[in-house]
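What the coordinates show
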Amino acid sequence: MPAWICRTCAVQQPDTPQPPGRCPICADERQYVGWEGQQWTTMAEIAADHAVVVREEEPGLTGIGVEPAFGIGQRALLVRTPGGNVLWDCVPLLDEAARAQITSLGGIDAICMSHPHFYAAHVDFADAFGARVYIPRADQEWIQRPSPRIELFDDDAEPVPGVTLARIGGHFDGAAVLHWPAGSGGRGVLLTGDTITVVPDRDWVSFMWSYPNLIPLDGATVLEIARRAERFTFDRVYGGWWGRVVVADGAAAVRRSADRYVARLRGERP
């Protein structure tokens, strides 16, 4: 039985003879059902005309994406540490070439994700590499493909020694970030997906309840996200897509972006 993948969000569903009637991820107001209605595919079908791209982002950090882009189009990140490797976010395709490349980089010990829109085919990745999957208890209802590899956590988890997974909320109740202190030459890196999204002006970030439907977050939640991020020391912020990186002074970028966002909600102008 295939594990069906939604063509719009690229999140994998349970193994069933026939596809589900709907994708709960896309039926939620933070996402949308494609203009042609609910459509399904499988990893084998995606592999027919897509390939996984693996390339280095910086020493110890490898990007993993799908080309041409599929679903939301995010790329995942493999954090490589002496204590084990963490896959941050996921993509809907794992082909043999990518499996070999990831194996050569030390494999995957743990999988952590920013929020349900980027769950993709995490169970297939976990099964391929014998990895644990960390999902916040606050987002348990959004698990589409159950697996014994999934471990629920409340606020913080340490998927490998020295790397912290932290729930900071906002986009989803369980929306999370991953702190890698050794990144950016020891100045620290925060991996955010679009829990905190890096915007095209890469000196800034932003925050939303729904990105495609342009539903904002309230000011108190945005300030709380910034407050929770301030516990970490980091210079760079890696968002959810190729090139979406605050390359320096990332912690200050999060704070000033939160302050600007809240000021605009209040009707204040620069």
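Counting its secondary structure elements, the chain contains 7 helices and 18 strands. Its C-alpha atoms give the chain a radius of gyration of 18 Å, within 12% of the compact-globule value 18 Å for 270 residues. C-alpha extents for the chain along the principal axes are approximately 55 × 45 × 35 Å. Burial analysis of the chain (270 residues in total) assigns 56% to the buried set. Surface exposure of the chain reaches about 11200 Å², of which carbon and sulfur atoms provide 51%. One way to put it: in the chain the 25 positive side-chain charges average out to a point 4 Å from where the 34 negative ones average out.

Turning next to the sheet that holds strand β6 (residues 76-81). Spatial strand order, β4-β5-β6-β7-β8-β9-β10: 7 strands in an open sheet with mixed pairing. Sheet topology places β4 (51-58) and β10 (150-153) at the edges, where each strand pairs with a single neighbour. The average undirected angle you get between the axes of adjacent strands in this sheet is 25°. Relative to strand β9 (residues 132-136), strand β8 (residues 110-112) runs parallel, the two being bridged by 3 bridges. Residue pairing across strands places Cys112 opposite Tyr134, the latter belonging to β9.

A separate point is the sheet that holds strand β3 (residues 40-41). Spatially, β2-β1-β3 is the arrangement adopted by the 3 strands of the open sheet, whose pairing is antiparallel. Each end of this open sheet is capped by a strand with a single partner; those strands are β2 (12-15) and β3. Inspection of the sheet shows strand β1 (residues 3-6) paired to β3 by 2 bridges, in the antiparallel sense. Each residue of the ladder has a partner; that of Ile5, found in β3, is Thr41.

Parameters and conventions
Residues numbered from 1 in each chain as written. Predicted model: local features only at pLDDT ≥ 70, side-chain atom pairs only at ≥ 80, totals over all residues. Heavy atoms only, no water. Helix = DSSP H or I, 4+ residues; strand = E, 2+ residues; numbered from the N terminus. Rg over C-alpha atoms; globule rule 2.2 N^0.38 Å. Buried < 20%, exposed > 50% of the residue type's maximum accessible area, 1.4 Å probe, protein only. Areas by Shrake-Rupley, 256 points an atom, 1.4 Å probe, with all protein chains shown as cover. Lys, Arg positive; Asp, Glu negative; His and termini not counted. Charge placed at Lys NZ, Arg CZ, Asp CG, Glu CD. Pairing = 2+ DSSP bridges. Axes fitted to C-alpha atoms, helices over the stretch in contact; angles between N-to-C directions.

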